[in-house]
Amino acid sequence: MIDIEDFAAELVCGRDTLMLGGSRQKEGSFRRIVELWRDVRPERALVVFDYSGRLYERFDGEPLLADFSSGGSLIPDMIEPFVLNENIGSDSRNIAYSIRQAAYQEIKSRDANDKFFDDLGKLLTDRMFVYMLETEKNVLRNLASGLKGGGEAMLESAAARNLFTIFCRQHQYVESLMTKAIGGESGALPVRQRLIEAEARSPFLTREEALAAYILRHELRFQKNGDRDAPVPFADLLFTNSDNTNTQRCIKMQADASTADFRALVSLVVNNAASLCSLPTLKLGGYLAAPQGRPLFVCSSGSSSVDRGFAPLLIAALGAAAQNEKHGAVILIPELDRWGLINYLDKFRQSWRRLSFTFGYDNFSRLSLDSRAEEGQLIESLYSSSSRRIWHATKEERLNKAFASYVSEADVIYRPDDLDEDIRAVEEEGHVRYVSLEERPAGKPLRGRVRLSREGGASSLWLTKGAARREKLTLESLLEDGDRL
């Protein structure tokens, strides 16, 4: 007699789990995990990457939503967890490196030339993020300048804001510095004497002054032959006195290509600031510390590039927040290929040990294209990225061959092509056991996602864009744009 247990949500708690097999059966397993979670593990956060939104719409409870496109969405603060992290938050260069790990798609180097430009693209991206962080820090310092308490007051002021949206607003300015650097333009930042005068004149600094102060303190070593009192952004990467700027342009193109999805996310946040500012902020540390049985559903924004920029950065921020709060989280990703996460998975598993992942895929060809790996290599990579596999009924030849090669014959009663719709094979270290899950049709939607109102009517058309300012002028918006009071 075969011992078959009931399917339980605990199967995926604390273990990296790969779901394999028929799409409908896999969807049923993911749906049951979501349904059971609040009853079995309400104290542990569950984050569901629900591309279509079907799981969110059918969840019988009080879910949280993040998709940058719906009226009920939250805007996760994906910078604060890095800033507050004991290991990362002591230096903007550490924070920049951690962000880059989630924002930069590494190329598959074909030769030494590819590797050369990829390595320089990473250095340029790190420098870009450092400058964005330093100008953001200046915004926060200006906003907190009237408060008593020094650093503690600044932390309290920052806690009341979304550091991610402020971070995004710095990008356009830093991008303009790159263009000037490639063109050999000097004088983009004030010289040391002007900076001293500005600091004596006012407690508020512009972002040009704040960035000049940072470069004078930390980056003069990159200015090999320049004036030691005149700070040069992106020295030794993009700035050159030569007429031949082909190398610098190639470095910039490499960085742009590898961060295209991140840039799409930043553009969405900046271009839709007026509508997004009405949405509340989700502080990830607070959520992980007290999820109260409420899953966080991450649904598609409607833009594939934005989704692929959002997903890895959110997971990395969750990892840092979990480390800060000493609380774990389970990440469900039914369609790994939809979010472009295949090349990040191992990196996240190694960096953020308090996160566990349960993942599957929708389209193997799309996944293969993303991974740039052969079929056999891809299956092996998926397998090695998990400590437990749950096999569902399938006639797919590649999966049945994989099952035969990885699973010990001694334990096998049913192979994937023998399984019926209600039985799953749970495999760890080559040994298999069986669980049952009665197939039930998905329930009716209990809610919908209401599309966030953008600048409707004529103002949403390309022809009329720019005719009016996107948002009302406030003290905060002026400071975030680098203006001086």
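This text follows the structure it describes.
Overview of the structure.

1. Some remarks on the layout of surface pockets
Step number 1: Computed from the structure, the largest pocket encloses a volume of approximately 520 Å³.
Step number 2: Those elements that place two or more of their residues in the lining of the largest pocket are helix 3 (80-83), helix 4 (92-103), helix 5 (112-143), helix 6 (151-159) and helix 10 (207-218).
Step number 3: Looking at the lining of the largest pocket residue by residue, the classes come out as 11 nonpolar, five polar and seven charged.

2. A word on the side chain of Glu428
Step number 1: Among the secondary structure elements, Glu428 is positioned in strand 11 (residues 423-428).
Step number 2: Here Arg15 takes part through its side chain, which lies 2.9 Å from a polar atom of the side chain of Glu428.
Step number 3: Once residues lying within four places of it in the same chain are set aside, the contact partners of Glu428 are Arg15, Ser387, Arg388, Arg389 and Arg433.

3. Re empty space enclosed by the protein
Step number 1: Counted according to the given criterion, the structure contains three cavities of 30 Å³ or more.
Step number 2: Lining the largest cavity, in full, are Glu27, Arg31, Arg54, Leu55, Arg58 and Ala442.
Step number 3: Looking at the lining of the largest cavity, the elements with two or more residues in it are helix 1 (23-40) and helix 2 (54-58).
Step number 4: In terms of residue count, helix 2 provides more of the lining of the largest cavity than any other element does, three residues in total.

4. Description of the packing of aromatic side chains
Step number 1: Tallying each qualifying case throughout the model produces 15 aromatic pairs.
Step number 2: Between Phe129 and Phe262, the aromatic rings sit 5.1 Å apart at their centres with planes inclined by 75 degrees, giving edge-to-face as the arrangement. Taken as a pair, Phe129 in helix 5 and Phe262 in helix 12 (residues 260-271) lie far apart in primary sequence, 133 residues in all. For the pair Phe129 and Phe262, a shared accessibility class is recorded, and that class is buried.
Step number 3: A connected cluster of aromatic rings, assembled from ring pairs, spans Phe49, Tyr51 and Trp339.
Step number 4: Sitting over the face of the ring of Tyr361, Lys26 holds its NZ or CZ atom 4.6 Å from the ring centroid.

5. Digging into the sheet that holds strand 2 (residues 17-20)
Step number 1: Spatially, 10 strands are ordered 1-12-11-10-2-9-8-3-7-4 in an open sheet, and the strand pairing comes out mixed. The outermost strands of the open sheet, each flanked by one partner alone, are strand 1 (4-6) and strand 4 (64-66). Averaged over all pairs of adjacent strands, the angle between their axes in this sheet comes to 25 degrees, without regard to strand direction.
Step number 2: Note: strand 2 against strand 10 (residues 388-391), four bridges, orientation parallel. Across the sheet, the residue bridging to Thr17 is Arg388, located in strand 10.
Step number 3: The strands touched by helix 15 (residues 304-325) within the sheet are strand 3 (45-49), strand 4, strand 7 (296-298), strand 8 (329-333) and strand 9 (355-359), with strand 9 carrying the most contacts at an inclination of about 145 degrees.

6. Topic: the packing of helix 4 against helix 5
The geometry of a pair of packed helices is captured by two quantities: the angle between their axes and the separation between those axes.
Step number 1: For the pair helix 4 and helix 5, the least separation of the axes is 8 Å and the interaxial angle reads 125 degrees. In terms of orientation, helix 4 and helix 5 fall into the oblique class. Classified by chirality, the crossing of helix 5 by helix 4 is right-handed. Judged by residue contacts, Ser92, Arg93, Ile95, Ala96, Tyr97, Ile99, Arg100 and Ala103 of helix 4 engage Lys122, Thr125, Asp126, Phe129, Val130, Leu133 and Glu134 from helix 5.

7. Brief notes about the side chain of Glu335
Step number 1: Here Glu335 is to be found in the loop between strand 8 and helix 16 (345-351).
Step number 2: Looking at Glu335, the relative accessible area reads 16%, which means it is buried.
Step number 3: Setting aside its immediate chain neighbours within four residues, Glu335 contacts Tyr51, Gly360, Tyr361 and Asp362.

About the criteria used
- Residues numbered from 1 in each chain as written.
- Predicted model: local features only at pLDDT ≥ 70, side-chain atom pairs only at ≥ 80, totals over all residues.
- Heavy atoms only, no water.
- 1 Å grid on protein atoms, 1.4 Å probe; cavity = no way out; pocket = protein on both sides within 12 Å on 5 of 7 lines; lining within 4 Å.
- Points joined across faces, edges and corners; volume = space filled by probe spheres on them.
- Helix = DSSP H or I, 4+ residues; strand = E, 2+ residues; numbered from the N terminus.
- Nonpolar A, V, L, I, M, F, W, Y, C, P; charged D, E, K, R; others polar.
- Polar contact = N/O pair within 3.5 Å; in protein donor to acceptor, adjacent residues only side chain to side chain.
- Contact = heavy atoms within 4.5 Å.
- Phe/Tyr/Trp six-rings, centres within 6.5 Å; stacked < 30°, edge-to-face > 60°.
- Buried < 20%, exposed > 50% of the residue type's maximum accessible area, 1.4 Å probe, protein only.
- Lys NZ or Arg CZ within 6 Å of the ring centre and 35° of its normal.
- Pairing = 2+ DSSP bridges.
- Axes fitted to C-alpha atoms, helices over the stretch in contact; angles between N-to-C directions.
- Parallel < 35°, antiparallel > 145°, perpendicular 65-115°, else oblique.
- Left-handed = near helix turned anticlockwise from the far one by under 90°.

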